[in-house]
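# Architecture and fold: a report
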Amino acid sequence: MPVQVLGNELTHLFTSVLIVRNHLWHHRDLSGKFAAIRSKVESASLPDWGRIESAALVTGPAAVLNISTDIDRQLDWLCAETPDYLLTHPSNLRSLLHRARQKAVSIPSLRELSTFGEMLPADLRDLAREVWNLPVTDVYSSEEFGNIALQCPVHDENYHIQAENLLVEIVDDSGTPCAPGEIGRVLVSTLHNFTMPLLRYEIGDYALAGEACKCGRGLPVIRRIAGRRRNMLRLPDGRSHWPSFPYEEFTPIADFRQIQIIQHQIQDIEVRLAGPAFLSRETEKLFSAKLCELLHGQFTVRYSYPELIEPSAGGKFEDFLSLVADSS
Ligand SMILES: [Zn+2]
């Protein structure tokens, strides 16, 4: 159920400070142009990076585009806007990079790509390096809390929990705190929201607890956000895990723009592929073999070919969904 969280001036101050901190940690040139392709916005050109940034800092201009815009038009827009920074969801960034590679489009003004709103797939940093030779900076945030953890500016793989503002716990199914290297449920408590306190609020994500970061920052570390329970694959033998199936593993086999995998029943998996073409029966077989290898299990795999795979409510794209109910 969507929860509307009320805040006050103090929570707004902390939200703002953590947005500014993210820019400062990553040494962004605030005089540059900032572009965002996201949901819930009208396309516009703006005089500064936003209300929060401009309250504390002098910034350059910004431009925003709604994420529902066709991917070719998004690329045209980026070429015309020539931003220094681009913020968007990981799934949209992947579509942009694939299309840019196909059409040999480069945007020389860009210095950094930022992502938010979805889990960052492990292979997306490599794709961004390959296509545009750019780094990707991710943030773990939510509607309820704003920035929860920021990517370490020194060690990409670590996310520093913003512990001045939030108490974030990672606990196992019995509620025991996870040791570094273990995956558990994320519980968040607000430290300054005296208007509507949230205590040990279960945000629905699972994350991998990390060790102290070698960068020297004392803020606790999340190593990886694994996703939600519905993004977890159930294996016939009772085990479960968050699957990883890098797109690049499939590109030698088939050409597609989007993929979504749905586990309907324990051994019944549907692969949804959006164009440009249908796969032949032979290619489907090869694809299924590769998929079973990556998912670490044997499944009956069927295929469907929607024209476009729409994001779920809230504009987030989930590339794996399990509809198998928990037996526990
Ligand atoms: Zn660090």
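So, here is what we can say about the structure in this document. (Residues numbered from 1 in each chain as written. Predicted model: local features only at pLDDT ≥ 70, side-chain atom pairs only at ≥ 80, totals over all residues. Heavy atoms only, no water.)

## Some thoughts on the coordination of the zinc ion
By definition of the ideal shapes, a tetrahedral metal site with four donors has angles of 109.5 degrees and an octahedral site with six donors has angles of 90 or 180 degrees. Protein-derived ligands of the zinc ion are Cys152 (SG), His160 (NE2), Cys213 (SG) and Cys215 (SG), with the metal-ligand distances lying across 2.2 to 2.3 Å. In this structure, the zinc ion is coordinated by four donor atoms arranged in tetrahedral fashion, with angles at the metal of 102 to 115°. In the primary structure, the donors to the zinc ion are separated according to the pattern C-x7-H-x52-C-x1-C. Comparing Cys152 with His160, the two get one shared label, buried. (Donors = N, O, S within 2.8 Å, 3.2 Å for Na, K, Ca; no water. Tetrahedral: all angles 85-135°; square planar, octahedral: opposite > 155°, others 65-115°. Buried < 20%, exposed > 50% of the residue type's maximum accessible area, 1.4 Å probe, protein only.)

## Quick word on the sheet that holds strand 15 (residues 256-265)
Here four strands make up an open sheet; going across it, the order is 17-16-15-18 and the pairing mixed. The sheet is open, and its two edges are formed by strand 17 (300-304) and strand 18 (320-322), each paired on a single side. Across this sheet, the average inter-strand angle for adjacent strands is 20°, counted without regard to direction. Summarising the sheet, strand 15 and strand 18 pair through three bridges and their orientation is parallel. Counted as the bridge partner of Ile261 is Phe320 from strand 18. (Pairing = 2+ DSSP bridges. Helix = DSSP H or I, 4+ residues; strand = E, 2+ residues; numbered from the N terminus. Axes fitted to C-alpha atoms, helices over the stretch in contact; angles between N-to-C directions.)

## Regarding the nonpolar core
By size, the foremost hydrophobic cluster in this structure holds 45 residues, and its most contacted members are Leu78, Leu113, Trp132, Tyr140 and Ile222. If you tally residues by element for this core, the top one is helix 5 (residues 124-132), at five residues. Residue contacts for Ile222: discarding those within four places in its chain leaves Tyr140, Ala149, Glu157, Asn158, Tyr159, Ile161, Val168, Ile170, Ala207, Leu208 and Gly210. Listed in part, the 22 residues of the second largest apolar core include Ala254, Ile261, Phe287 and Tyr303. (Core = buried A, V, L, I, M, F, W, Y, C linked by side-chain atoms within 4.5 Å. Contact = heavy atoms within 4.5 Å.)

## Brief notes about the environment of Thr283
In this fold, Thr283 is placed in helix 7 (residues 281-295). By relative accessible area, Thr283 is classed as buried at 18%. For Thr283 and Glu112, which are 171 residues apart along the polypeptide, the C-alpha to C-alpha distance reads 37 Å. In this structure Thr283 touches Ile253 and Ala254, once residues within four positions along its chain are discounted.

In short, geometric facts, not functional conclusions.
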